[in-house]
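Coordinates in review
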Amino acid sequence: MTAAQRHQRQFFRSVAIFSRLSDEALDEVMRGFHVRMFSRDAFLFVEGDESVSFFIVAAGRVRLFKTSPRGREFTIAIRRARQFFDLPPVFDGKPHPVSAGALTNLRLYVSSLPHIQEMMARFPELHRALDVHLAEMLRGMADVASDLAFTDVSTRLARLILISARNDGRETPDGVSLEWGLSQSEIAHLLGTAREVVSRNLRSLEKAGWVERTHSGILIRDWGALEKMARQ
């Protein structure tokens, strides 16, 4: 096995849905994937298009979003390295329920939909893992709907900062540093609001001394205060 093949196997092993597969099963799954590259702002697919592929992010970030009849976009989720997306068509074969766009230059592992469906049928542990993640996705969607219906923007922003920091934050002597990589417009899409509202709420958090905006993201100076706001 070459160094490149070992690196690829290590990557696939680190993806949650493949973690329990045997080496032989994992190699068979991997044989159905190839690499595709996308430039920043490229569309991967559009809501309603026929679904023919299964995607895993190797590097970069993907935005999943819905578009209203008036053209307003609402971000459903952002997927990063070692995460997969567009799961419902794997189970029902129906068109894409959302659109997907590249937030950054993007490297993906892509397989045909029939390949991943065949692997699910042959390896029950893979089927179970995908079942679990589909349930988690549905629960996450329910949480998003609840947040939009019952919480204000400041609460949603605090929750987004904390969730992002738990996943990608780094402890420093001054607080938790989060290299967010999201523009205020992208944050607004995630929260279902306008960029100006996000900017106003970030200024309020800074004025309170809870966060500090940096050139690369956010420094969380008062984690407890943000948690209290997120529970409102």
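Okay, so let's go over this structure. Note that the coordinates shown come from a computational prediction; the quantities given were computed from them, not determined experimentally.

**Remarks on the side chain of Asp 86**
As for its placement among the helices and strands, Asp 86 is situated in the loop between strand E6 (84-85) and helix H3 (88-92). The side chain of Asp 86 sits in the buried core without any salt bridge; Arg 79 is the nearest counter-charge, 9.9 Å away. A distance of 2.5 Å separates the side chain of Asp 86 from the side chain of His 96, its partner in a polar contact. If we ignore the near neighbours within four places in the chain, the residues touching Asp 86 are Phe 45, Ser 51, His 96 and Pro 97.

**Things to note about the sheet that holds strand E12 (residues 218-220)**
The four strands are arranged E9-E10-E12-E11 in an open sheet whose pairing can be described as antiparallel. Of all the strands in the sheet, just strand E9 (170-172) and strand E11 (211-213) have a single pairing partner and so form its edges. Taking the axes of each pair of neighbouring strands and ignoring which way they run, one obtains an average angle of 25 degrees across the sheet. In terms of strand pairing, E11 meets E12 through three bridges, oriented antiparallel. Paired with Glu 212 across the strands is Leu 219, a residue of E12. Sitting on the sheet, helix H6 (residues 153-168) is in contact with E9, strand E10 (175-178) and E12, with an inclination near 85 degrees to E10.

**Section: the sheet that holds strand E1 (residues 33-38)**
In space, the four strands of this open sheet follow the order E1-E8-E3-E6, with antiparallel pairing throughout. Edge strands, defined here as strands with exactly one partner in the open sheet, are E1 and E6. Inspection of the sheet shows strand E3 (residues 53-59) paired to E6 by two bridges, in the antiparallel sense. Bridge pairing in E6 links Phe 55 to Phe 85. Contacts between helix H4 (residues 113-122) and the sheet are confined to E1, E3 and strand E8 (106-112), with E8 contributing the most and set at about 65 degrees to the helix.

**Focus: the environment of His 34**
Tracing the backbone through its elements, the reader meets His 34 in strand E1. C-alpha separation for the pair His 34 and Phe 84, spaced 50 residues apart in sequence, amounts to 14 Å. With sequence-adjacent residues up to four places away left out, His 34 is seen in contact with Leu 108, Tyr 109 and Val 110.

**A short note on unusual backbone geometry**
Positioned with a positive phi, Asp 41 is a non-glycine residue whose angle comes to about 75 degrees. Among the structural elements, Asp 41 can be located in the loop between E1 and strand E2 (43-45). With phi around 75 degrees, Arg 82 is a residue other than glycine that occupies positive phi space. Residue class for Arg 82 comes out partly exposed when judged on its relative accessible area of 43%.

**Points about the pairing of strand E7 (residues 99-102)**
Residues of E7 alternate between two faces, with Ser 99 and Gly 101 on one and Ala 100 and Ala 102 on the opposite face, all of them buried. Pairing of strand E4 (residues 62-67) with E7 involves four bridges; the strand directions are antiparallel. By the bridge assignment for E7, Leu 64 is matched with Ala 100.

**Things to note about H6**
Taking 1.5 Å of rise per residue, 16 residues should cover 22 Å, and H6 covers 22 Å from first to last C-alpha, within 8% of that figure. If you check which residues of H6 are buried, you get Val 153, Ser 154, Thr 155, Arg 156, Leu 157, Ala 158, Leu 160, Ile 161, Leu 162, Ser 164 and Ala 165.

**Observations concerning the pattern of salt bridges**
Counted under the stated rule, the structure contains nine salt bridges. Residue Arg 9 is joined to Asp 27 by a salt bridge in which the shortest nitrogen-to-oxygen separation is 2.6 Å. Note that Arg 9 is positioned in helix H1 (residues 3-14) and Asp 27 in helix H2 (residues 23-30), a separation of 18 residues in sequence. If you follow the salt bridges from partner to partner, you end up with Arg 9, Arg 13, Asp 23 and Asp 27 in one network.

Rules behind the numbers
Positions within a chain are numbered from 1, following the residues in the order the chain's sequence is written. Local features in a predicted model are, by the rule used here, given only for residues with pLDDT of at least 70; side-chain atom pairs are given and counted only at 80 or more, and totals for whole chains, interfaces and linings are based on all residues. Note that water and hydrogens are dropped before the side-chain values are worked out from all heavy atoms of the structure. Helix and strand assignments come from DSSP, with helices taken as H or I runs of at least 4 residues and strands as E runs of at least 2, each series counted from the N terminus. Partly exposed describes any residue whose relative accessible area lies between the buried limit of under 20% and the exposed limit of over 50%, with all areas from a 1.4 Å probe on protein chains only and scaled to the type maximum. When charges are counted, Lys and Arg are positive and Asp and Glu negative, with His and the chain ends excluded. Any carboxyl oxygen of Asp or Glu within 4 Å of a side-chain nitrogen of Lys or Arg constitutes a salt bridge here. Contacts described as polar in this section are N or O atom pairs within 3.5 Å, which, within protein, must combine one atom able to donate a hydrogen with one able to accept it, while residues neighboring in sequence count only if both atoms come from side chains. By the convention used here, residues are in contact when the closest approach between their heavy atoms is within 4.5 Å. For two strands to pair, DSSP has to find at least two bridges joining them. Lines fitted to C-alpha atoms define the axes, with helix axes restricted to the stretch in contact, and inter-axis angles between N-to-C directions lie between 0 and 180 degrees. Multiply 1.5 Å by the residue count of a helix minus one, and that product is the helix's expected span.

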